[in-house]
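A closer look at the structure
Next come the chains, spelled out residue by residue.
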Amino acid sequence: MASVSLLKSGILYFKLLYENSAPRMLRLLAWPILCAMLFVLTSCSNFDKEFTVYSANTTIEVYTDGTAFVSEFFDIAVKKAENYGGVYVDIPQRFTDASGGVHWRDFELVAARRDGRDEYYSQENNVPGYSIYIGAEHCKSCSADLPTGPTKIQIAYWLGRLVRLEGDREVLFLPAYMGRVHGQGAKKTLTLKLPSGGTVRPSQQDRAAAYDITRSAPNEILVSIPVGKADRKLPDIEIEYPSGTFVTVTSGERVQWWLSDHFLPFISILGPLIAGLFVFIRLGQSWRLPAPSIAVDSKKTESISPALAAYVFWNWKLDAAKAAFMASVYQLAMKRLLRISGLGENAEASDLSARQVRKKGKVARARWYGLPAVTRSVFGRIEGERPVNDRRAVVYALYGFEPDLHQIVAEEYRKVRGGIDRAALKTSATILALGIATAYLSGLLIFSAAICGTLLISLIAVMALRHPERFSGPTDFRHVIGTYFGLPALLILSLGYIGMTEVIGEQRPYLVATLLHVVGIIGVLAMLRMPTSKQRQIRNNILSLHRYFHGEIDGPPMSIECYEHHLPFAVALGVEQRWTERFNLWRESEKMDAYAPDWRISS
């Protein structure tokens, strides 16, 4: 077909363009070429140009159990040799009673034939009922075209739940049309074979402008729908019968019917409700303020690294990397795994005794591997620096290490979170399943997927424009085709499908509900970025520690051990000078000699 050859030519053109020009030109030309290809591809299937429906004749035989057997014949002319290969027949199931309640007719397909022979068919859900495709199967080795000329499509099926009780009367209600083919305005004739004793409701007799109703026999009614009528909007045919004409419905059947009537509306609102409840609970937990601390507990900080304290305190800003790095350096010094020349970023390190610690026995190695991973990584960076007179400039080890440092600390923070947030993932999976079920049962699965795909690809394009560095990578042929051809092609095909697909009035509320499911999933997944209770507790402990360093709340009594234990955290919070001043005041009050720790380089 022309579309296939065009697609092959387009791919060849892109390959030549890639080999003989810069990627920038490829970016500029990809979209116009794909738009031109879309114009040809989307013009391949036009039902109105390929088929014409001349007439539709339906026979409906109603039984006293409230069911009806329907047989329909459509006279169709195939006008083009290259065509879609079949037609869609819409079967109505949804109806509204006199009080405004929405109900569903039971449906069971019996046969689908073309020219008297069984034909391939497939069923699709829709809000008003089913859309049944009858025609050639679409596959790689199949011919998807029907031969030109007249052909006859037949479909047979059972309809149930056609009777409702109103007072002392039973009302039989039938659709004014049974099936609709491609929305054609062909003349339709319905022959109703009914149980005796029924009378057409007077309100129905006044609707001659919609369709003509004549009684052709005592138990037979003929309904004629003229050419050009919008048959989907025609009112149902209602026939009254005395009570007891049809089989009495049991209470179990009534419950089953009620559940089936409300199933689709229920799941369409259930997903957004679950998402809203989940987000409300999580926001309530985050807004709940903890009780103010009156004293700090130093044991609560032992489970985290000073580097993590720095990142949490400085809200994960880029400047937090230096504080996190220096805090890890001081933790190594306090553990006597290296010696430093003093406080500040100009400090130098020497005597890297961790080398010997790692070579000693189990106790020594346990001491080493008991350190946080980020602290061990910082030691590795310092160890890799070239020494000058057995000293290494600490700050030089930080250059180029910021991304790795951030990643290691973020991994520690995720572990503090308590692992994967299974509640959010399960909730998202549940909402996704409800959204897929809503879209599938309302006949909007592909349409909803096209909308979501369009939004996703548009979001990727916006992110690529705002942060091009995140999308930089190899420029081989596959990458270029996938980025500059694949995504635009998917976007254009999605937009083409959206533009060519009709969303009827009954489907629109469920389309909105499906999109609300997507919004709900985004809202639930956004909660993954919010701190958990454990992470909030860590932040509260760090803030309390900051107040303790300033003397605003009580805490452990000052001592050499207390000073050295909290010094790395003071560095992380940027208050090491304040903490050292408090320590010096304590030494003076205790009349202590000069403090000369073994973790300091004496000269």
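Residues numbered from 1 in each chain as written. Predicted model: local features only at pLDDT ≥ 70, side-chain atom pairs only at ≥ 80, totals over all residues. Heavy atoms only, no water.

**Some thoughts on the sheet that holds strand β11 (residues 163-166)**
Ordered in space as β11-β12-β18-β15, the four strands form an open sheet in which the pairing is antiparallel. Bordering the open sheet on either side are β11 and β15 (199-200), each of which pairs with just one other strand. In terms of strand pairing, strand β12 (residues 169-174) meets strand β18 (residues 237-242) through six bridges, oriented antiparallel. Residue pairing in the sheet places Val171 in a bridge with Glu240 of β18. (Pairing = 2+ DSSP bridges. Helix = DSSP H or I, 4+ residues; strand = E, 2+ residues; numbered from the N terminus.)

**So, the pairing of strand β8 (residues 121-125)**
Pairing analysis gives five bridges linking β8 to strand β9 (residues 129-135), with the strands arranged antiparallel. Paired with Glu124 across the bridge in β9 is Ser131. Between β8 and β9, which pair antiparallel in sequence order, lie three residues.

**A closer look at a nonpolar patch on the surface**
On the surface, Leu432, Ile436, Tyr440, Leu445, Ile446 and Tyr497 cluster together into a nonpolar patch covering about 560 Å² of accessible area. Counting residues per element, the ones that place at least two in the nonpolar patch are α12 (422-441) and α13 (445-466). Here the nonpolar patch takes three residues from α12, the largest share from any one element. On the secondary structure map, Leu432 appears in helix α12. (Patch = residues over 30% accessible without salt bridge, like charges linked within 9 Å, V, L, I, M, F, W, Y side chains within 5 Å. Areas by Shrake-Rupley, 256 points an atom, 1.4 Å probe, with all protein chains shown as cover. Salt bridge = Lys/Arg side-chain N within 4 Å of Asp/Glu carboxyl O.)

**Some thoughts on the sheet that holds strand β13 (residues 180-181)**
With respect to topology, four strands assemble into an open sheet ordered β8-β9-β3-β13, the strand pairing being antiparallel. Each of the sheet's edge strands pairs with one partner strand only, and the pair in question is β8 and β13. The pairing of strand β3 (residues 86-92) with β9 spans seven bridges and is antiparallel. Looking at β9, one finds that Asp90 is bridged to Ser131.

**As for the environment of Tyr595**
Position of Tyr595 among the secondary structure elements: in the segment after α18 (576-589). Taking the C-alpha atoms as reference points, Tyr595 and Ile560, separated by 35 residues in sequence, lie 9.0 Å from one another. Contact partners of Tyr595, with chain neighbours within four places excluded, come to Ile560, Tyr563, Glu564, Phe583 and Arg587. Polar contacts involving the side chain of Tyr595 include one to the side chain of Glu564, which spans 2.4 Å. At 3.3 Å, the side chain of Tyr595 forms a polar contact with the side chain of Trp599. (Contact = heavy atoms within 4.5 Å. Polar contact = N/O pair within 3.5 Å; in protein donor to acceptor, adjacent residues only side chain to side chain.)

**Describing the pairing of strand β1 (residues 51-62)**
Pairing analysis gives eleven bridges linking β1 to strand β2 (residues 68-78), with the strands arranged antiparallel. Residue Phe51 lies in a different strand from β2, and its bridge partner there is Val78. What sits between the antiparallel neighbours β1 and β2 is a turn of five residues, in which Gly66 has the positive phi angle 85°. Summarising the sheet, β1 and strand β14 (residues 187-193) pair through seven bridges and their orientation is parallel. In the sheet register, Ser55 faces β14, and the bridge partner there is Lys187.

**Thoughts on the confidence of the model for the protein**
Chain-level statistics for the protein give a pLDDT mean of 80 and a share of 80% at 70 or above. When pLDDT is averaged over each element of the protein, strand β7 (residues 117-118) comes out on top at 93 and helix α1 (residues 2-20) at the bottom at 37. Note on residues 1-31: pLDDT is under 50 here. Beyond four places in sequence and across chains, it has 33 contacts. Per-residue pLDDT stays below 50 along residues 33-44; that stretch engages in 18 contacts with residues further than four places along the chain or on separate chains. (pLDDT = per-residue confidence, 0-100.)

**A word on the packing of helix α17 (residues 560-572) against α18**
What describes two packed helices is the angle between their axes and the distance between those same axes. Contact pair α17 / α18: the axes reach a minimum separation of 9 Å and the direction vectors enclose 165°. If you check the angle between α17 and α18, you find them roughly antiparallel. By crossing handedness, the relation of α17 to α18 is classed as right-handed. The segment α17 lies against α18, with Ile560, Cys562, Tyr563, His566, Leu567, Ala570 and Val571 engaging Glu576, Trp579, Thr580, Phe583 and Trp586. (Axes fitted to C-alpha atoms, helices over the stretch in contact; angles between N-to-C directions. Parallel < 35°, antiparallel > 145°, perpendicular 65-115°, else oblique. Left-handed = near helix turned anticlockwise from the far one by under 90°.)

**Notes on the pattern of salt bridges**
Going through the model one piece at a time under the given rule, you end up with 13 salt bridges. Residues Asp115 and Arg114 are paired through a salt bridge, measuring 4.0 Å at the closest nitrogen-oxygen approach. Residue classification places Asp115 among the partly exposed positions, given a relative accessible area of 36%. Residue Arg114 is classed as buried on the basis of its relative accessible area of 16%. Residue Arg391 is joined to Glu348 by a salt bridge in which the shortest nitrogen-to-oxygen separation is 3.3 Å. Of this pair, Arg391 sits in the loop between α10 (373-383) and β21 (392-393) while Glu348 sits in strand β20 (residues 348-350), placing them 43 residues apart in sequence. Accessibility expressed as a relative area gives 24% for Arg391, which makes it partly exposed. (Buried < 20%, exposed > 50% of the residue type's maximum accessible area, 1.4 Å probe, protein only.)

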